[in-house]
Amino acid sequence: MSDKKVILITGASSGIGMASAVFFAKQGWNVAATMRNPKSLKEFEDYTNIKLFGLDVTSVDSIKNAVEDVLKTYLRIDVLFNNAGYALAGPFEAISDEEVRKQFETNLFGVMNVTRAVLPHFRAQKSGIILNTTSSGGNLTFPLYSIYISTKWALEGFMEALQYELRPFNIVVKNLAPGSVKSEFTNSTSFVSNSVYDKYANKVQGNIIASYQMAPDADTVAKVAFKAATDNKIKLRYPATMQARMGFFLRWLLPLQIFNKMVAAPFEKDTDK
Ligand SMILES: NC(=O)c1ccc[n+]([C@@H]2O[C@H](COP(=O)([O-])OP(=O)(O)OC[C@H]3O[C@@H](n4cnc5c(N)ncnc54)[C@H](OP(=O)(O)O)[C@@H]3O)[C@@H](O)[C@H]2O)c1
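Report follows, based on the coordinates. Please read these numbers as outputs of a predicted model, since none were measured by experiment. (Residues numbered from 1 in each chain as written. Predicted model: local features only at pLDDT ≥ 70, side-chain atom pairs only at ≥ 80, totals over all residues. Heavy atoms only, no water.)

Focus on the site of the ligand
At step 1: Around the ligand lies a shell of 29 residues, among which Ser 13, Arg 36, Tyr 148, Ser 183 and Tyr 212 are the nearest.
At step 2: Within the side chain of Ser 13, a nitrogen or oxygen atom sits 2.6 Å from an oxygen atom of the ligand.
At step 3: Between the ligand and Arg 36, the relevant distance is 2.7 Å, taken from an oxygen atom to a side-chain nitrogen or oxygen of the residue.
At step 4: Of all the secondary-structure elements, those providing two or more residues to the shell around the ligand are helix H1 (15–26), helix H4 (146–166) and helix H5 (185–188).
At step 5: When the residues that make up the shell around the ligand are grouped by side-chain class, the tally is 10 nonpolar, 15 polar and 4 charged. (Near = heavy atom within 4 Å. Polar contact = N/O pair within 3.5 Å; in protein donor to acceptor, adjacent residues only side chain to side chain. Helix = DSSP H or I, 4+ residues; strand = E, 2+ residues; numbered from the N terminus. Nonpolar A, V, L, I, M, F, W, Y, C, P; charged D, E, K, R; others polar.)

Written as structure tokens, this is what we have:
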């Protein structure tokens, strides 16, 4: 049996998942790069220690098959990296119940189901790390992302509570919280609109586009993921970009009322109430 460590990554077809697959492979890990539609990716061509597996986090059967296949291939999993996700954005009243549920199916229930599938293996092995890509929006809030943010707050709360019951089994939970990161994220964001909110929404969109122009690339988060996977610390939260660090610092420093005013201010000037 290889003594190389093994990481299973969800959502490895692009962005943070893909960058992490390459980063861990470069450090000599065996990587199970899972994705909905496995396809040969030029980014992985140079790495014989990256293997692709089909996994849709919204399908329990696909999760079960993928975890079994990864264990057959690598005989172990040391780190589960729950990374797959997308954003649903727009004014809440324009978003349907179906769209809300779909967002939770991927960003929250998907993570729960993959985690449930891997836990028996971690317990038997008496070790394991569960890494999760949450978001700065897992602890902070910003406008027009109420549903996305509620999935990430729920994920933070779920994982923070789960960590306690897993400690006796030497299983450690770690949440990576990026701010804006260049990836396919903005392309896959499903933006629902309602013309009543257009004036306000356009300002928020403008601000988001500006934040992505200055955003770091996904490698920045991959490095933090590797640190979290290897630092041997029992530490829950890793802000994964400068923007996230700044946001958490200000949220810690300021009373909530002041913090909320600071978030709201740029979008309220000259906007009709
Ligand atoms: N980029 C940001 O600014 C940012 C900020 C904070 C947090 N995040 C979080 O970071 C994580 C990764 O996002 P990213 O920025 O790397 O965006 P990305 O490039 O769009 O990658 C998202 C990945 O998730 C996968 N995915 C979506 N639904 C899935 C499903 N049902 N089953 C399996 N895989 C699925 C996508 O696969 P397909 O190719 O099949 O669609 C893709 O591989 C997400 O959880 C996101 O919420 C991103």
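Thoughts on the pattern of salt bridges
At step 1: Tallied over the full model, the rule gives 7 salt bridges.
At step 2: With its nearest N and O atoms 3.3 Å apart, the salt bridge here joins Glu 68 to Lys 64. In this pair, Glu 68 and Lys 64 both sit in helix H2 (residues 60–74), 4 residues apart, roughly one turn of the helix.
At step 3: Looking at Glu 68, the relative accessible area reads 37%, which means it is partly exposed.
At step 4: A salt bridge links Arg 237 to Glu 156; the nearest nitrogen and oxygen atoms lie 3.1 Å apart. Taken together, the positions of Arg 237 in strand E9 (residues 237–239) and Glu 156 in helix H4 put the pair 81 residues apart, joining distant regions of the chain.
At step 5: A relative accessible area of 3% means that Glu 156 is categorised as buried.
At step 6: If you follow the salt bridges from partner to partner, you end up with Glu 156, Glu 160 and Arg 237 in one network. (Salt bridge = Lys/Arg side-chain N within 4 Å of Asp/Glu carboxyl O. Buried < 20%, exposed > 50% of the residue type's maximum accessible area, 1.4 Å probe, protein only.)

Examining the pairing of strand E4 (residues 79–82)
At step 1: Of the two faces of E4, the one holding Val 79 and Phe 81 and the one holding Leu 80 and Asn 82 are both buried throughout.
At step 2: Strand direction decides the pairing type here: strand E1 (residues 6–9) and E4, joined by 3 bridges, are parallel. Its bridge partner being in E4, Ile 9 is matched across the sheet by Phe 81.
At step 3: Both E4 and strand E6 (residues 128–133) contribute to a ladder of 4 bridges, which runs parallel. Bridge assignment links Leu 80 to a residue of E6, and that residue is Ile 130. (Pairing = 2+ DSSP bridges.)

As for the nonpolar core
At step 1: Counting residues in hydrophobic clusters, the biggest one holds 34 residues, and the most contacted among them are Val 31, Phe 44 and Leu 176.
At step 2: The set of elements that each furnish at least two residues to this core consists of E1, H1, strand E2 (30–35), E4, E6 and helix H7 (218–230).
At step 3: Residue contributions to this core peak at 8 residues, all from H7.
At step 4: In contact with Leu 176, not counting residues within four places along its chain, are Phe 81, Leu 131, Asn 132, Thr 133, Thr 134, Ser 135, Val 221, Val 224, Ala 225, Ala 228 and Tyr 238.
At step 5: One finds Val 67, Leu 88, Phe 104 and Leu 155 within the second-largest nonpolar core, a separate group that totals 33 residues. (Core = buried A, V, L, I, M, F, W, Y, C linked by side-chain atoms within 4.5 Å. Contact = heavy atoms within 4.5 Å.)

Some remarks on the sheet that holds E4
At step 1: Reading across from one edge, E3-E2-E1-E4-E6-E7-E9 is the order of the 7 strands in this open sheet, with parallel pairing throughout. Taken across any chain shown, the strands that pair with only one partner, and hence form the sheet edges, are strand E3 (50–54) and E9. Each neighbouring strand pair of the sheet contributes to a mean axis angle of 20 degrees, computed without reference to strand direction.
At step 2: Each of E4, E6 and strand E7 (171–177) touches helix H3 (residues 97–125); the most contacted strand, E4, lies at about 175 degrees to it. (Axes fitted to C-alpha atoms, helices over the stretch in contact; angles between N-to-C directions.)

Some thoughts on the environment of Leu 131
At step 1: Structurally, the position occupied by Leu 131 is in strand E6.
At step 2: Residues Leu 131 and Asn 83, spaced 48 residues apart in sequence, show a C-alpha to C-alpha distance of 8.0 Å.
At step 3: Once residues within four sequence positions are removed from consideration, Leu 131 is found in contact with Val 79, Leu 80, Phe 81, Asn 82, Lys 174, Leu 176, Ala 225 and Ala 228.

Focus on the layout of surface pockets
At step 1: Reported here for the second largest pocket is a volume of approximately 270 Å³.
At step 2: Those elements giving two or more residues to the lining of the second largest pocket turn out to be E6, E7 and H7.
At step 3: Partitioned by chemical class, the residues of the lining of the second largest pocket number 6 nonpolar, 6 polar and 5 charged. (1 Å grid on protein atoms, 1.4 Å probe; cavity = no way out; pocket = protein on both sides within 12 Å on 5 of 7 lines; lining within 4 Å. Points joined across faces, edges and corners; volume = space filled by probe spheres on them.)

Here's the deal with the packing of helix H8 (residues 242–253) against helix H9 (residues 256–268)
At step 1: In the contact formed by H8 and H9, the axes pass within 8 Å of each other and the chain directions differ by 140 degrees. By the criterion of interaxial angle, the relationship of H8 to H9 is oblique. Contacts between H8 and H9 pair Gly 247, Leu 250 and Arg 251 from the former with Leu 256, Phe 259 and Met 262 from the latter.
At step 2: Class assignment of the residues belonging to the contact of H8 with H9 gives a composition of 4 nonpolar, 1 polar and 1 charged. (Parallel < 35°, antiparallel > 145°, perpendicular 65-115°, else oblique.)

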